[in-house]
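Notes for the structure review
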Amino acid sequence: MILLYTDRYMAIMHPLKPRMSRTTTLNITVWIWIFSVILSFPNLLYSVTRIETFVNGDHRVICYMEWPDGPMTQSDDEYM
């Protein structure tokens, strides 16, 4: 989304200046993906699933975050 706004800003404010090259656009895209993978890595490490069984025989799989400093309601890491 930011790339779109940047592109529109450059097209309106500097109409005669050439746009970003293909390599620059690819480079920005790759860095966005790398950054997003790094940010989502804790979710991969601390996600836990549990199967909840009800009295009527139904099963439900629950996915939640279990941080190293405690469960969901007592964890300080959850707020970060």
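Check the entry above for the structure.
Residues numbered from 1 in each chain as written. Predicted model: local features only at pLDDT ≥ 70, side-chain atom pairs only at ≥ 80, totals over all residues. Heavy atoms only, no water.

Concerning helix α2 (residues 22–46)
Note on helix geometry: an α-helix contains 3.6 residues per turn, so any two residues three or four positions apart are oriented the same way. Under the 1.5 Å per step criterion, the end-to-end length of α2 is 37 Å for 25 residues, consistent within 8% with the ideal 36 Å. When the local axis directions of α2 are compared, the greatest deviation, roughly 35 degrees, occurs at serine 40, which is followed within four positions by the proline proline 42. (Helix = DSSP H or I, 4+ residues; strand = E, 2+ residues; numbered from the N terminus. Expected span 1.5 Å × (residues − 1). Bend = angle between axes of the 7 residues up to and from the residue.)

Observations regarding the packing of aromatic side chains
Counted according to the given criterion, the structure contains 1 aromatic pair. A centroid spacing of 5.3 Å and a plane angle of 45 degrees characterise the contact between tyrosine 46 and tryptophan 67, whose relative ring orientation is tilted. On the criterion of sequence distance, the pair formed by tyrosine 46 in helix α2 and tryptophan 67 in the segment after β2 (59–65) is long-range, its members being 21 residues apart. You can call tyrosine 46 partly exposed: its relative accessible area is 28%. (Phe/Tyr/Trp six-rings, centres within 6.5 Å; stacked < 30°, edge-to-face > 60°. Buried < 20%, exposed > 50% of the residue type's maximum accessible area, 1.4 Å probe, protein only.)

Don't take any of this as a statement about function, it's just geometry.
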